[in-house]
Amino acid sequence: MKIFLDTADLAEIRRAADANLIDGVTTNPSLMMKAAGGRDPLDVFLDICRTVDGPVSAEVVAVDKDTMIAEGRRLAEIHDNIVVKVPLTEDGLRACRALRAEGIRVNVTLCFSVAQAHLAAKAGATFISPFVGRIDDVSGDGMELISQIRQVYDNYGFDTEILAASIRHPQHVVQSLLLGADIATMPPKVLFQLLRHPLTDTGLAAFLADWKKLEKEL
Ligand code: E4P
């Protein structure tokens, strides 16, 4: 499964990319608002694309099809890594189809049902982003949605990749792996939580302590 970092924070992206832990990046307007620090978002997207060798999702902020398409084209011109993110609305799916016809990759975002995911795949979405954490937040079952989309896409041979989004904790990532999601996008905190295990820390401390004893004996 591919791992994307869900942030526009360049320092976090550099850290994860330098460690070869990530295959791409997703952003959204809220993440950009937190991280841009007064910079032009287009410049931030360019810096992210130069840092990560993989897809970088950049979201349109228009709500009508024609402006979404124009915005999508502008975003796609920034760098080959850019994937244009559109919301799962009627206009969003129209824009998705039009941008795909021009060879521009599209991530359809804000997906909360299998019915929506089916329509996005029919519109040619490169990625579908079901928001598992936000479904859990309203007492739903986000991972069940991933499982159902996997089944539908496999039943009908759609090649749209399932990008599990709104990941809140490592168990969401483990479940995404078990259910066959193609990608999980997660905040830096969750990525680094995946690395850690208390038994690794205590085991390493014991090995190093024993090695020091051995060195003293020599
Ligand atoms: C995905 O592309 C979104 O940017 C993100 O995963 C949303 O996560 P949130 O529900 O934690 O805001």
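Here the structure is a predicted model, which is why all the values come from computation and not from measurement.

Reading the values: rules and limits
Residues numbered from 1 in each chain as written. Predicted model: local features only at pLDDT ≥ 70, side-chain atom pairs only at ≥ 80, totals over all residues. Heavy atoms only, no water. Helix = DSSP H or I, 4+ residues; strand = E, 2+ residues; numbered from the N terminus. Buried < 20%, exposed > 50% of the residue type's maximum accessible area, 1.4 Å probe, protein only. Contact = heavy atoms within 4.5 Å. Core = buried A, V, L, I, M, F, W, Y, C linked by side-chain atoms within 4.5 Å. Pairing = 2+ DSSP bridges. Right-handed = clockwise from strand over helix to strand, strands pointing away. Phe/Tyr/Trp six-rings, centres within 6.5 Å; stacked < 30°, edge-to-face > 60°. Lys NZ or Arg CZ within 6 Å of the ring centre and 35° of its normal.

Asks: Would you mind going over the overall build of the protein with me for this structure?
Replies: Helix and strand content of the protein: 11 helices and 8 strands. The dimensions of the protein, computed from C-alpha atoms along their principal axes, are 75 × 40 × 30 Å. Per-residue burial over the protein gives 44% buried out of 218 residues. Relative to all contacts within the protein whose residues are 6 or more apart in sequence, the contacts with residues 24 or more apart total 56%.

Asks: I would appreciate a short explanation of the nonpolar core in the present structure.
Replies: Within soluble globular proteins, side chains that are nonpolar generally end up buried alongside one another. If you look at the biggest cluster of nonpolar residues, it comprises 59 residues, and the most contacted ones within it are Ile 22, Ile 82, Val 86, Val 108 and Ile 128. Ranked by residue count, the leading element in this core is helix 8 (residues 142–156), at 5 residues. With residues near it in sequence (within four places) discarded, Val 108 still touches Val 86, Pro 87, Leu 88, Leu 93, Cys 96, Ala 120, Ala 125, Phe 127, Ile 128 and Ser 129. Judged by nonpolar contacts, the second largest core, of 5 residues, contains Phe 4, Val 83, Phe 127 and Leu 163.

Asks: Explain the pairing of strand 8 (residues 183–186) to me, please; I cannot follow it from the model alone.
Replies: Across a regular strand the side chains alternate sides, sitting on one face of the sheet and then on the other. In strand 8, alternate side chains face the same way, and those of Ile 183 and Thr 185 on one face and Ala 184 and Met 186 on the other are all buried. By the bridge criterion, 4 bridges tie strand 1 (residues 2–6) to strand 8 in an arrangement that is parallel. Pairing of Ile 3 across the sheet is with Ala 184, part of strand 8. Relative to strand 8, strand 7 (residues 161–164) is paired through 2 bridges, and the arrangement is parallel. Residue pairing for strand 8: Leu 163 is matched across the bridge by Ile 183. A crossover connection joins strand 7 to the parallel strand 8 through helix 9 (residues 170–179); in handedness this β-α-β unit is right-handed.

Asks: Hey, could you run me through the side chain of Thr 109 in this one?
Replies: Turning to its location among the elements, Thr 109 is positioned in strand 5 (residues 106–111). For Thr 109, the contacting residues outside a window of four places in its chain are Glu 59, Lys 85, Val 86, Pro 87, Leu 88, Ser 129 and Phe 131.

Asks: Would you mind showing me how to read the packing of aromatic side chains here?
Replies: Geometrically, a pair of aromatic rings is defined through the distance of the ring centres and the angle of the planes. What the rule picks out here adds up to 3 aromatic pairs. Centroid distance Phe 112 to Phe 131: 5.7 Å. Interplanar angle 65 degrees. Geometry classified as edge-to-face. Here Phe 112, found in the loop between strand 5 and helix 6 (114–122), pairs with Phe 131, found in the loop between strand 6 (127–130) and helix 7 (132–137); they are 19 residues apart in sequence, far enough to count as distant. Taking the relative accessible area as the measure of exposure, Phe 131 reaches 7% and is therefore buried. With a centroid separation of 5.6 Å and an interplanar angle of 65 degrees, the aromatic rings of Tyr 153 and Phe 158 are classed as edge-to-face. Residue Phe 158 is classed as partly exposed on the basis of its relative accessible area, which comes to 22%. Residue placement shows Arg 15 over the ring face of Phe 192; its charged tip is 3.5 Å from the ring centre.

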